[in-house]
Amino acid sequence: MATGAPPALLVIDMIGLLDFPGADRVAPSALRAARGVRTLRDRFHRRGWPVAYVNDNFARWQSDFRELVAMASASPGPAQAIAGLLEPTPKDYFVLKPKHSAFLDTALPVLLAKLGVRRLLLAGMALESCVLATAIDANAREYKVAVVREAVAGQPPLRAAAFKVLAGSKAADVVALDRAVAWATRPAR
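What you see is a predicted model; the values in this text were computed from it and never measured. Residues take numbers from 1 onward in each chain, read along the sequence in its written order. At least 70 in pLDDT is required for a residue's local features to be given in this predicted model, at least 80 for side-chain atom pairs to be given and counted, and no such filter applies to totals for whole chains, interfaces and linings, which use all residues. Only hydrogens and water are set aside; all other atoms, that is, all heavy atoms of the structure, feed into the side-chain values.

Below, the discussion takes up the sheet that holds strand β5 (residues 144-153). Here we have six strands laid out as an open sheet, ordered β3-β2-β1-β4-β5-β6, and parallel in their pairing. Two strands bound the open sheet, and with one partner strand each, they are β3 (93-97) and β6 (173-175). Put simply, the sheet's adjacent strands are angled 25° from each other on average, direction ignored. Summarising the sheet, strand β1 (residues 8-12) and strand β4 (residues 119-125) pair through five bridges and their orientation is parallel. Looking at the pairing, Ile12 lines up with Gly124 of β4. Packed on one face of the sheet, helix α4 (residues 108-115) meets β1, β2 (51-56), β3 and β4 and runs near 155° to β3. Residue contacts are defined here by distance: any two heavy atoms, one from each residue, within 4.5 Å place the two residues in contact. Note on method: axes are straight lines fitted to C-alpha atoms, helices fitted across the in-contact stretch only, with angles between N-to-C directions ranging 0 to 180 degrees. Runs of H or I in DSSP of at least four residues are treated as helices and runs of E of at least two as strands, each being numbered from the N terminus. On top of the sheet, helix α5 (residues 127-140) reaches β1, β3, β4 and β5; it is set at about 170° to β5, its chief contact. At least two bridges found by DSSP between two strands is the condition for calling them paired.

This part takes up the packing of helix α2 (residues 65-73) against helix α3 (residues 78-86). α3 packs onto α2 with a crossing angle of 125° between their chain directions and a minimal axis gap of 7 Å. On the basis of their axis angle, the class for α2 and α3 is oblique. Contacts between α2 and α3 involve Val69, Ala72 and Ser73 on the former and, on the latter, Ala79, Gln80 and Ala83. Each residue is assigned to one class: nonpolar for Ala, Val, Leu, Ile, Met, Phe, Trp, Tyr, Cys and Pro, charged for Asp, Glu, Lys and Arg, and polar for all the others, Gly among them. Per-class residue counts for the contact of α2 with α3 are four nonpolar, two polar and no charged. Working rule for angles: under 35 degrees goes down as roughly parallel, over 145 as roughly antiparallel, 65 to 115 as roughly perpendicular, anything else as oblique.

When a residue's accessible area, from a 1.4 Å probe over protein chains only, is under 20% of the maximum for its type it is buried; when over 50% it is exposed; and in between it is partly exposed. The buried fraction of β2 is high, at six of six residues. Judged by which residues are buried, β2 turns out to be covered on both faces: Val51, Tyr53 and Asn55 on one side and Ala52, Val54 and Asp56 on the other are all buried. Both β1 and β2 contribute to a ladder of four bridges, which runs parallel. Its bridge partner being in β2, Leu10 is matched across the sheet by Ala52. Whether a crossover is right-handed comes down to one check: with the strands pointing away from the viewer, does the path from the first strand over the helix to the second run clockwise; if it does, it is right-handed. What joins β1 to β2 is helix α1 (residues 23-47), and the crossover it makes is right-handed. Bridging between β2 and β3 involves five bridges; their strand directions are parallel. Note on β3: the bridge partner recorded for Tyr53 is Phe94.

See below:
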């Protein structure tokens, strides 16, 4: 990795009400993933590396990201616990997205270019949907991409298949939480 080119952590869709169909099956893994995301976020903060929350607006077209955080924080249960663990800090960035990929019709490419980022660690949910779409789009834009195994959540029956697609397509490396920072700092090939 070139000097001055930090990696970035993208936290995908972790702030929300968990009120979608199947949320009861995803909630336990989302809470576990939130703990992994928090660990990563803290490690990135200590190094001064950028953290960007890239979140669906959940069809709340008149809400901004801070309103989504407030709604999740006020929602009893797992959504509130996750929002409490992952409440953004003033140094974090945020981008609202209208669909699955963090790159589709968002300002994310401009933000990453301004930050000089070429290496991305992805965390969040849903692994089989938004994380997968973001990884594929990031790879197509020639970013080095890794998905952090312990920091993603999704539909349990689809987890293994999503990791297989990521690894098999070479869209992203799949790394363990304890190896994520080492992956982020390794020299480009």
